[in-house]
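Survey of secondary and tertiary structure
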Amino acid sequence: MKKIVFILGLSVLLGGAMPVQGSDVLEKIALYIPNRIVDAFDCFSATLGVGLGARAELAVTQAITVGAGYENQVFTLYKDHNRQYGGGIQDGYYTQLVCLGEENQSRDRLFGLVRSYWESHGGMPLPTQRVYDFQEGARDYWKVGGALGFLILGDVYLHPVEALDFVLGFFLIDVKADDLIFDDFR
């Protein structure tokens, strides 16, 4: 019992002084385990594509990436950042050597919950670009992982911000503000 009181007290302390109504407490308790499972699933992404393309990449954030890729009408299945599940067409090219690179890529003709984007830039990508938006962006600036392939292309990334959201979720702190609520089921 002491551990539960300590964890709840610590959660309130870390969460700041925010008003909690009775229905909010019930909601957090009822959806506690489903939210921890979904948050754990958010910690990684994986894609698999087939088509004319080649790519090799290692990334420790979008800024510190070494690699290059070319994809022309590659059909891709996504389990991607910000709960994007589905498929679509990936098209374009990119090259990057640590902080410097060039990119002209798009994702379109989608199905499921995948977000479209077109990204074209030279130089260093910045986390302030719309495609990297913390809550709604199609791509994760802080990803760690890699990609590899020729004609069959795949990638796997870990998402540190999502991992932080998962760990703090045990203390009822929702960094990404993406926990499920009762209204999501209506």
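To start, this report covers the structure provided alongside it. These numbers were taken from a predicted model, which means no experiment stands behind them. (Residues numbered from 1 in each chain as written. Predicted model: local features only at pLDDT ≥ 70, side-chain atom pairs only at ≥ 80, totals over all residues. Heavy atoms only, no water.)

A count of helical and extended segments in the protein gives four helices and six strands. Along the protein, helices (α) and strands (β) appear in the sequence α-α-α-β-β-β-β-β-β-α when read from the amino end. Burial status across the protein gives 39% buried among its 186 residues. When the accessible surface of the protein is totalled, it reaches about 10600 Å², and 73% of it is carbon and sulfur. (Helix = DSSP H or I, 4+ residues; strand = E, 2+ residues; numbered from the N terminus. Buried < 20%, exposed > 50% of the residue type's maximum accessible area, 1.4 Å probe, protein only. Areas by Shrake-Rupley, 256 points an atom, 1.4 Å probe, with all protein chains shown as cover.)

What follows concerns the environment of Val 161. You can see Val 161 is positioned in helix H4 (residues 160-169). Each C-alpha atom, one on Val 161 and one on Asp 42, is 9.7 Å from the other, the two residues being 119 residues apart in sequence. Setting aside chain neighbours within four positions, we find Val 161 in contact with Phe 134, Trp 142 and Lys 176. (Contact = heavy atoms within 4.5 Å.)

Glancing now at helix H3 (residues 32-42). All of the buried residues along H3 are Asn 35, Arg 36, Asp 39 and Asp 42. The buried residues of H3 occupy an angular sector of 120° when projected down its axis, which confines them to one face. Opposite its buried face, H3 presents the exposed residues Ile 33 and Ile 37, each directed more than 90 degrees away. Close packing links the buried residues of H3 with strand S1 (44-60), strand S2 (65-80), strand S3 (84-98) and H4. (Arc of directions from axis to C-beta.)

Tracing the backbone shows Thr 76 in strand S2. Through-space distance from the C-alpha of Thr 76 to that of Ile 152 is 9.6 Å; in sequence the pair is 76 residues apart. Every residue in contact with Thr 76, bar those within four places of it in the chain, is listed here: Thr 47, Leu 48, Gly 49, Gly 86, Gly 87, Gly 88 and Gln 90.

Under the definition given, this model contains six aromatic pairs. When the ring of Tyr 141 is compared with that of Trp 142, the centres are 4.9 Å apart and the planes differ by 75°; the resulting orientation is edge-to-face. Its relative accessible area of 4% is what places Tyr 141 among the buried residues. Pairing Phe 166 with Phe 170 gives two aromatic rings, centres 5.1 Å apart and planes at 75°, and the pair type is edge-to-face. Residue Phe 166 is classed as partly exposed on the basis of its relative accessible area of 23%. Through pairs of rings, three or more aromatic residues link up here, namely Phe 41, Phe 44 and Tyr 85. Here the guanidinium or amino end of Lys 79 rests over the ring plane of Phe 41, the centre of that ring lying 4.5 Å away. Above the face of the Phe 134 ring, Lys 176 is positioned so that its terminal group lies 4.9 Å from the ring centre. (Phe/Tyr/Trp six-rings, centres within 6.5 Å; stacked < 30°, edge-to-face > 60°. Lys NZ or Arg CZ within 6 Å of the ring centre and 35° of its normal.)

Below, the discussion takes up the sheet that holds strand S5 (residues 117-123). One open sheet accounts for six strands, arranged S5-S4-S3-S2-S1-S6; its pairing is antiparallel. Two strands lie at the open edges of the sheet, namely S5 and strand S6 (144-158), each paired on one side alone. Neighbour-to-neighbour, the strand axes of the sheet open up by a mean angle of 20°, direction not taken into account. In this fold H3 packs onto S1, S2 and S3, with an angle of close to 110° to the strand it touches most, S1. (Pairing = 2+ DSSP bridges. Axes fitted to C-alpha atoms, helices over the stretch in contact; angles between N-to-C directions.)

This part is about the pattern of salt bridges. With the rule as written, the count across this model stands at 15 salt bridges. Between Lys 143 and Glu 57 there is a salt bridge whose closest N-O contact spans 3.9 Å. With Lys 143 in the loop between S5 and S6 and Glu 57 in strand S1, this pair connects stretches of sequence that are 86 residues apart. Of the two residues examined, Lys 143 and Glu 57, each falls in the buried class. Across the pair Asp 108 and Arg 109 runs a salt bridge, and its minimum N-O distance is 3.6 Å. With a relative accessible area of 28%, Asp 108 lands in the partly exposed category. The class of Arg 109 is exposed, set by a relative accessible area of 53%. Taken together, the shared-partner salt bridges connect Arg 36, Asp 39, Asp 42, Arg 83, Asp 178 and Asp 179 into one network. (Salt bridge = Lys/Arg side-chain N within 4 Å of Asp/Glu carboxyl O.)

Keep in mind these values describe shape, not function.
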